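A closer look at the structure
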Amino acid sequence: MWDFGMVAMGVAFFAIAILYVRGCELLVKKEPAK
Amino acid sequence: MTANGWLQIGLFFALILLCAKPLGVYMAKVFGREKTFFDVVARPVERLIYKLTGIDEEHEMKWTEYAIAMLVFSFVTMIVTYAIERMQHWLPLNPQGLANVEPALALNTAASFTTNTNWQSYVPEATMSYLTQMVTLAYHNFASAAVGMALAIAFVRGIAGREKKTLGNFWVDTTRATLWVLLPGSLILALVLVSQGVVQNFRPYDTVPLVQPFQAQVTGTDGKTTTQTISTQTIGQGPVASQEAIKMLGTNGGGFFNANSAHPFENPNALTNFLEMFAIFVIPGALTVTLGRMVKSPGHGWAIFAAMSALFFAGVLVSYWAESHGNPLLHNVNTAATAMQSGGNMEGKEVRFGIANSALFATATTDASCGAVNAMHDSFMPLGGIVPMVNILLGEIVFGGVGAGLYGMLIFVVVTVFIAGLMVGRTPEYLGKKIESYDVQMSMLYVLIFPFSVLLFAAATVLMPNLGLASLNNSGPHGLSEILYAYASATGNNGSAFAGLNANTHWYNLSITVAMLVGRFLMIVPMLAVAGNLAQKKLVPPSAGTFPVNTPLFTVLLVGVILIVGALTFFPALALGPILEHLQMLAGKIYA
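Residues numbered from 1 in each chain as written. Chains lettered and ligands numbered in written order. Predicted model: local features only at pLDDT ≥ 70, side-chain atom pairs only at ≥ 80, totals over all residues.

1. Considerations on the overall build of chain B
The criterion, for reference: Helix and strand definitions here come from DSSP, where helices need a minimum of 4 consecutive H or I residues and strands a minimum of 2 consecutive E residues; each element is numbered from the N-terminal end. Note that the radius of gyration is over C-alpha atoms, with the globule rule given as 2.2 Å times the number of residues to the power 0.38. Exposure criterion: with C-beta atoms placed from backbone coordinates, a residue whose C-beta has 20 or more other C-beta atoms within 10 Å is buried, one with 12 or fewer is exposed, and one in between is partly exposed. Two residues qualify as being in contact provided that their C-beta atoms, derived from the backbone, are within 7 Å of each other.
The helix and strand inventory of chain B stands at 17 helices and four strands. On C-alpha atoms alone, chain B measures out to a radius of gyration of 24 Å, which is about the 25 Å that the 2.2 N^0.38 rule sets for 592 residues. Overall size of chain B, expressed as C-alpha extent along the three principal axes, is 75 × 60 × 50 Å. Looking at chain B residue by residue over its 592 residues, the buried ones come to 54%. The contacts in chain B between residues at least 6 apart in sequence include a share of 78% that link residues at least 24 apart.

This is the structure:
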């Protein structure tokens, strides 16, 4: 049970990190680089 | 302070300076895929790795692909590490029959080594089998350092690129950092360490009789405390040298033994102590030259080297001065070094190497994100202890971790150039690239995530008497320093402990795990976003209004920005911790 919780914590963090990459990417598209 | 001490500090710095150019040029060639003398050995191995793993070495990645490759690689290796820790009792190379690592501690350790932090909430020789130490922890010492170097090079390519959408290939950069730099460097250092007495074996631990048995209070498994005569000592063994070399060269810092670099099997003499400190700074120092060469502005690389050097000497001066003077409350104790009493104020120091080498080691290990220790930072004077803490709180950009120090410093360069632009009322430019709102937004996101994690976790911890404060060994401002240091060290991916804090509890293991992951990955992503955005910009020809980034003025402004950002962010917390402790000590009050 503990193992499941620990791995779930790791999965959750890295899933958020990948969404965060996408978020930062979306921000740059609002303002095309000159 | 003594002339001998300053001579050793000067010799240390001179060697870093001497090696910066040749190693920096070599690394620029490695990452630029130019010919090097080591190709004959490393290139066939590299080709074989790509063939076995199906990596296309010509494939170029956008910053998002680079970031996701890094995240996936880190996640997979972290989970494998967790699994091995949890199963080590049933796996080979465990002559002591050590138990499986408890879940929260296993996750904390897996995250710690994946993020190049090497925070250790455990006693390594009593917790980790030889297999765990080698296959997971030492492996991460290489991998996390190589990832840091790859990321720094990706940022440098972003600065150097002209209207490009890509930053290189994560797998190629990580592989080349390992094969061309970290493996050969570690092999040489490990052999030198073995020649000096660092152990390298798979033997079970030795049990030896004590020359002088003593009596001690021992608490049994039933919780009852009895007085026992201790007449034997267990002496840890293991494959130490191979792990020690990359521990220092990769600015990892996780010791094979609990005493870390104060253990004679990790750091047996003055020469190994010198080499271990040298190994912390040699790659980060040289990476500034790599930067200068890759962006075709060697002066810029040296200007950054100069900024790092100024901050390094400021730190070592304060630390050495504070530790040499000792505690003024000990009026009747002679803390001056004499012919009869070597050392002086030896509280918390590495007694074999003296005050200068304790202060220098503490400064270097926290300037970089190493975290190895040869002295007890918790036992330093308040102003001596503030130096490692401030070094971490400034973002470990004084040479810094391999790669991580350089990209952290380059984010401050972007902020500095932006502020310089504001001062003269022109659009800021950095080496011919216009710095625009997105670059500044992402740079500030990078800068702000760090204090957000440190201060939030530290504040939450001091508000929880049972979960947070119960682990403290000291009260008052010193206790606050212990908590603040723990979260700064975790978020900064340093890994050294102020000590005085039992961090092997569920709260500390899990909150420090999150702090380490946030401090590594949530800071890397905006950094890569800046790099990706810079890479696709056109070059603007320099004009009369361009702020040159290779002058002493730039160096002074960069140091000023770093200090002002650090002071504005952390001064209130430092005032309640080490500064208050120092003032109260002068007023005659200390905290037990």
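2. Focus on the overall build of chain A
Secondary structure assignment for chain A yields one helix and zero strands. Out of the 34 residues in chain A, the part that is buried amounts to 21%.

3. A look at the interface of chain B and chain A
Each partner contributes residues to the interface: chain B has 25 residues there, and chain A has 19 residues. Per-element tally for the side of chain B that touches chain A: the top contributor is helix H3 (residues 63–87) of chain B, with nine residues.

4. A short note on the packing of helix H1 (residues 3–31) of chain B against helix H9 (residues 270–294) of chain B
All names here are of chain B. Cut-off, in case you're wondering: For helices, the fitted axis covers only the stretch in contact; all axes are lines through C-alpha atoms, and the angles between them, taken along N-to-C directions, range from 0 to 180 degrees. Angular relationships are summarised with four words: roughly parallel below 35 degrees, roughly antiparallel beyond 145, roughly perpendicular across 65 to 115, and oblique for the angles in between. It is the rotation of the near helix from the far one that decides the hand of a crossing: anticlockwise by less than a right angle makes it left-handed, clockwise makes it right-handed. Polar here means any residue outside two lists: the nonpolar Ala, Val, Leu, Ile, Met, Phe, Trp, Tyr, Cys and Pro, and the charged Asp, Glu, Lys and Arg; Gly therefore counts as polar.
Where H1 meets H9, the closest approach of the two axes is 6 Å, and the angle between their N-to-C directions is 45°. As far as their axial angle goes, H9 and H1 are oblique. In the packing of H1 onto H9, the handedness of the crossing is right-handed. Residues belonging to the contact of H1 with H9 are distributed by class as follows: 18 nonpolar, four polar and two charged.

5. Points about helix H17 (residues 552–586) of chain B
Condition: Multiply 1.5 Å by the residue count of a helix minus one, and that product is the helix's expected span.
Taking 1.5 Å of rise per residue, 35 residues should cover 51 Å, yet H17 of chain B covers just 38 Å from first to last C-alpha, more than 12% shy of that figure. Just downstream of H17 of chain B lies Gly588 of chain B, where phi reads positive at about 95°.

6. Some remarks on helix H13 (residues 404–424) of chain B
All names here are of chain B. End to end, H13 covers 31 Å across 21 residues, agreeing with the expected 30 Å (1.5 Å per residue, within 8%). Within H13, 17 of the 21 residues are buried, leaving the element largely enclosed by the surrounding structure. Once H13 ends, the next one or two residues include Gly425, with phi positive near 75°.

7. Quick word on the packing of H13 of chain B against helix H14 (residues 437–462) of chain B
Residue and element names in this part refer to chain B. Contact geometry of H13 with H14 gives a least axis separation of 9 Å together with a crossing angle of 130°. Comparing their axes, H14 and H13 come out oblique. Note that H13 runs across H14; the crossing there is left-handed. Every residue of H14 that contacts H13 at Ile411, Val414, Val415 and Phe418 is listed here: Asp439, Val440, Ser443, Tyr446 and Val447.

8. Considering unusual backbone geometry
Residues and elements named next belong to chain B. For Arg33, which is not glycine, the phi dihedral falls at a positive 55°. Checked against the element boundaries, Arg33 lands in the loop between H1 and helix H2 (39–53). Given 12 C-beta atoms within 10 Å, Arg33 falls into the exposed group. Of note in the backbone geometry, Glu163 takes a positive phi value of approximately 50° without being a glycine. Its place among the elements puts Glu163 in the loop between helix H6 (130–160) and helix H7 (170–195). Residue class for Glu163 comes out exposed when judged on the 10 C-beta atoms lying within 10 Å of it.

9. As for the environment of Glu125 of chain B
Residue and element names in this part refer to chain B. With respect to the helices and strands, Glu125 occurs in helix H5 (residues 124–127). The class for Glu125 is buried, based on 23 C-beta atoms found within 10 Å. Taking the C-alpha atoms as reference, Glu125 lies 9.5 Å from Gln96; in sequence the two are 29 residues apart.

10. Describing the confidence of the model for chain B
For clarity, the cut-off: The pLDDT value tells you how sure the predictor is about a given residue, anywhere from 0 up to 100.
Scored by pLDDT, chain B comes out at a mean of 91, with 98% of its residues at no less than 70. Taken together, the chains of this predicted complex give a pTM of 0.92 and an interface ipTM of 0.90.

11. Some remarks on the pairing of strand E2 (residues 225–235) of chain B
Residues and elements named next belong to chain B. Keep this limit in mind: Being paired, for any two strands, means DSSP has found at least two bridges between them.
Summarising burial for E2: zero of the eleven residues are buried, a small minority. Bridging between strand E1 (residues 206–219) and E2 involves ten bridges; their strand directions are antiparallel. Residue pairing across strands places Thr219 opposite Thr225, the latter belonging to E2. Connecting E1 to the antiparallel partner E2 that follows it, the hairpin turn spans five residues, and Gly223 within it adopts a positive phi of roughly 85°.

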